[in-house]
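One letter stands for each residue in the lines below.
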Amino acid sequence: MGGIVIQMDYKIGKVSEFTTNKCHIINIKGRSIAIYRSKETFYAVRNRCPHKGAEICKGDFRGTMLPSNPNELNYGLEEQVVVCPWHGYEFDVKTGNALFNLTKLKLKTYDVYQKNGELYIKI
Amino acid sequence: MAIHLPLINISLGDRYFYPIYEAAIEENLPVMTHVTGAEGTYLGAAPLAAGLTKYYTERYITYPQIAQSNLVNLIFEGVFEKYPELKVIFVEYAFSWLGPMMARMDQSWRNLRIETPWVKKTPSEYVKENVFFTTQPIDEMPKKQFDQMIEMVDGKENLLFSSDYPHWDNDMPDKTFYRLFTNDEDRKRILHDNALSIFGSRLRVD
């Protein structure tokens, strides 16, 4: 039986409250959600690593070392990678997909948007 | 025909060996390494973990450590990324340990990839594409366990028959192999096809 998914928009605070230097946790409908602010925009992911359940918000939000030639280090994807604090799994903050085929597990992502100085999330 | 590299206290992933790998690829030869018997005995020999062993039995049992360390080093130094055509054969280092080692490498790669971002595939994929092992010394065990172990190490693709006859620890050519490998297709691969794929036209086929 197919269900009807009702998506609602929740106001989660003033845009200015969400600073770029940390992960912000909000709780909606019993879910802990991690909010990240990059220089360009906002991202929201479920605050639970799909691997072993760690709080994603306690990990880094950064770039990573891209696949390279041996003994070369190329940093990229700045502010596009969320990293699990436990096992270091790296996920694309936009899609929730694990980077570089590390795992098929996917991090749940949510849409966020700004309106009149407020930040909203679609859940 | 192959290039034999007796192991020393420089691991196979080190750039020290790269000119040899380049020559091997140029000449279309695999690189093989065979236990020499000197492992863990003198400074400069390939060392065994935990220091000097007291008995030969200990040393004999722990030889695979050296292959394990060198295999890990080859993969995480990115040798098979740099030289994708390179084939490495570990001779007489046993192989029953390979399955758990591949699982451990894959798991560690998932956790620690950022340190060696040139390792683009799961480590076990490199093992399956670039690394081979010889059957002797087969770690004999009940058939059911043996079959699972062969499955784990992808033995049908990666094993080459060897017997070490007439050394004391040989796998008696007409007995051990045939008792443990009962499937004709598997036998054909390990006795013939796999070797042919590595040694190619240099191998005489009658």
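Here, every reference points to the structure presented above.
Residues numbered from 1 in each chain as written. Chains lettered and ligands numbered in written order. Predicted model: local features only at pLDDT ≥ 70, side-chain atom pairs only at ≥ 80, totals over all residues. Heavy atoms only, no water.

Caption draft 1: Quick peek at the interface of chain B and chain A. Each partner contributes to the interface: chain B provides 13 residues, whereas chain A provides 18 residues. Together chain B and chain A conceal approximately 1,300 Å² of surface at their shared face, both sides included; 55% is due to carbon and sulfur atoms. The three residues of chain B that bury the most area against chain A are R110(B), R113(B) and W118(B), which together make up 39% of that side's buried surface. A salt bridge links E90(A) to R113(B), with the nearest nitrogen and oxygen atoms 3.1 Å apart. Our enumeration of links across chain B and chain A arrives at 6 residue pairs in polar contact (both at pLDDT 80 or more). If you list the elements that add at least two residues to the side of chain B that touches chain A, you get α4 (79–82) and α5 (98–112) of chain B. Tallying contributions element by element places α5(B) first for the side of chain B that touches chain A, with 3 residues. Here the side of chain B that touches chain A is built from residues that sort into 4 nonpolar, 2 polar and 7 charged. (Contact = heavy atoms within 4.5 Å. Buried area = accessible area lost by both parts, 1.4 Å probe. Salt bridge = Lys/Arg side-chain N within 4 Å of Asp/Glu carboxyl O. Polar contact = N/O pair within 3.5 Å; in protein donor to acceptor, adjacent residues only side chain to side chain. Helix = DSSP H or I, 4+ residues; strand = E, 2+ residues; numbered from the N terminus. Nonpolar A, V, L, I, M, F, W, Y, C, P; charged D, E, K, R; others polar.)

Caption draft 2: Fine view of the packing of aromatic side chains. Under the criterion given, the structure shown has 20 aromatic pairs over all chains. A ring pair is formed by Y113(A) and Y120(A), whose centres lie 5.2 Å apart and whose planes are at 10°; its orientation type is stacked. Residue Y120(A) is classed as buried on the basis of its relative accessible area of 17%. Their ring planes at 90° and their centres at 5.0 Å tell us that Y16(B) and F17(B) sit as a pair that is edge-to-face. Overall, F17(B) belongs to the buried group, its relative accessible area being 4%. Aromatic rings pair up to connect Y16(B), F17(B), Y18(B), Y21(B) and Y83(B) into one cluster. (Phe/Tyr/Trp six-rings, centres within 6.5 Å; stacked < 30°, edge-to-face > 60°. Buried < 20%, exposed > 50% of the residue type's maximum accessible area, 1.4 Å probe, protein only.)

Caption draft 3: Geometry of a nonpolar patch on the surface. Judged by side-chain polarity, I4(A), I6(A) and M8(A) come together as a nonpolar surface patch covering roughly 370 Å² of accessible area. Relative to the elements of secondary structure, I4(A) occurs in the segment before β1 (9–14). (Patch = residues over 30% accessible without salt bridge, like charges linked within 9 Å, V, L, I, M, F, W, Y side chains within 5 Å. Areas by Shrake-Rupley, 256 points an atom, 1.4 Å probe, with all protein chains shown as cover.)

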